[in-house]
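Chain by chain, the residues:
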Amino acid sequence: MGAELMSDTRVAPSILSADFARLGDQVREVMDAGARVIHVDVMDGHFVPPITIGALVVEALRDQVHGDGGVLDVHLMIERPERLLDAFAAAGADSIAIHWESTPNVHYALKAIREAGCNAGLAINPATAPESVTAAVDAFDHLLCMTVNPGWGGQPYIEASTDKVRRLRELLPDHMPIEVDGGIDAQTAAACTEAGATLFVAGSSIFGSQDPAAAYTEIVEATGAV
């Protein structure tokens, strides 16, 4: 189920921007609108300055998201992620992305994600060259291109990201999903779609809206997502 959903063109609401006092309700709202990929941003205060959430929140959402036919797309913005992969897989993660810049053991970590039964994602920061990912292309199932600097929600989209996505599309196999994360709204998602992206992480543009379901639907329509 996870690999199939991650291979579709999808909008993935990021709970980083949700109201955590109403987290279950907010997730239900976007899932009722059609969302099936729920994005979970994990930050450790080291790889990026903020601290966000851990495996306990993934576990708390697992039954709700899986029960509605969705998947949990976990994005680890943490140092040495290989130390915590098993905990997130056990908590219910369906897809786990690690950062190219976060560990010297990238191949090992990606292999461990697959061995845990999860879709393996490789994430790269805005300053990381697209060509760097070709060294590990057989080790991951999707590429996550950060379109802002990781660590904070609500940042403006980095305009050079569109050309970077286009270059990644040239470098990666045709079947490889490209996920974009940061400053994604209907306008920037449309530009990324044209460049070759297929997964669109949207946090503040959805959960910062008065009507998250409508905001989600607007991005779906801009990208042709299902």
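Above this text you will find the structure in question.
The sections below set out a description of the structure shown in this document. These figures come from a predicted structure and were not determined experimentally.

## Remarks on the environment of A202
Secondary-structure assignment places A202 in strand β8 (residues 199-202). In this structure, the C-alpha to C-alpha distance between A202 and W100, residues 102 residues apart in sequence, is 21 Å. Once you skip the residues sitting within four places of it in the chain, A202 turns out to touch A12, P13, S14, I184 and I219.

## With respect to the packing of helix α2 (residues 23-32) against helix α3 (residues 55-67)
Helix-helix packing: each pair is described by the crossing angle between the helix axes and the interaxial distance. Put simply, α2 and α3 touch, their axes get as near as 11 Å, and they point 40° apart. Looking at the two axes, α2 sits oblique to α3. Pair α2 / α3 crosses with right-handed handedness. Residues L23, G24, V27, R28 and M31 of α2 pack against V57, L61, Q64 and V65 of α3.

## A look at the packing of helix α6 (residues 161-171) against helix α7 (residues 186-195)
One can describe the packing of α6 onto α7 by two numbers: an axis separation of 8 Å at closest approach and a directional angle of 30°. The pairing of α6 with α7 is recorded here as roughly parallel in orientation. The hand of the α6/α7 crossing is right-handed. The segment α6 lies against α7, with T162, V165, R166 and R169 engaging A191, C192, E194 and A195. Partitioned by chemical class, the residues of the contact of α6 with α7 number 4 nonpolar, 1 polar and 3 charged.

The rules behind the values
Residues numbered from 1 in each chain as written. Predicted model: local features only at pLDDT ≥ 70, side-chain atom pairs only at ≥ 80, totals over all residues. Heavy atoms only, no water. Helix = DSSP H or I, 4+ residues; strand = E, 2+ residues; numbered from the N terminus. Contact = heavy atoms within 4.5 Å. Axes fitted to C-alpha atoms, helices over the stretch in contact; angles between N-to-C directions. Parallel < 35°, antiparallel > 145°, perpendicular 65-115°, else oblique. Left-handed = near helix turned anticlockwise from the far one by under 90°. Nonpolar A, V, L, I, M, F, W, Y, C, P; charged D, E, K, R; others polar.

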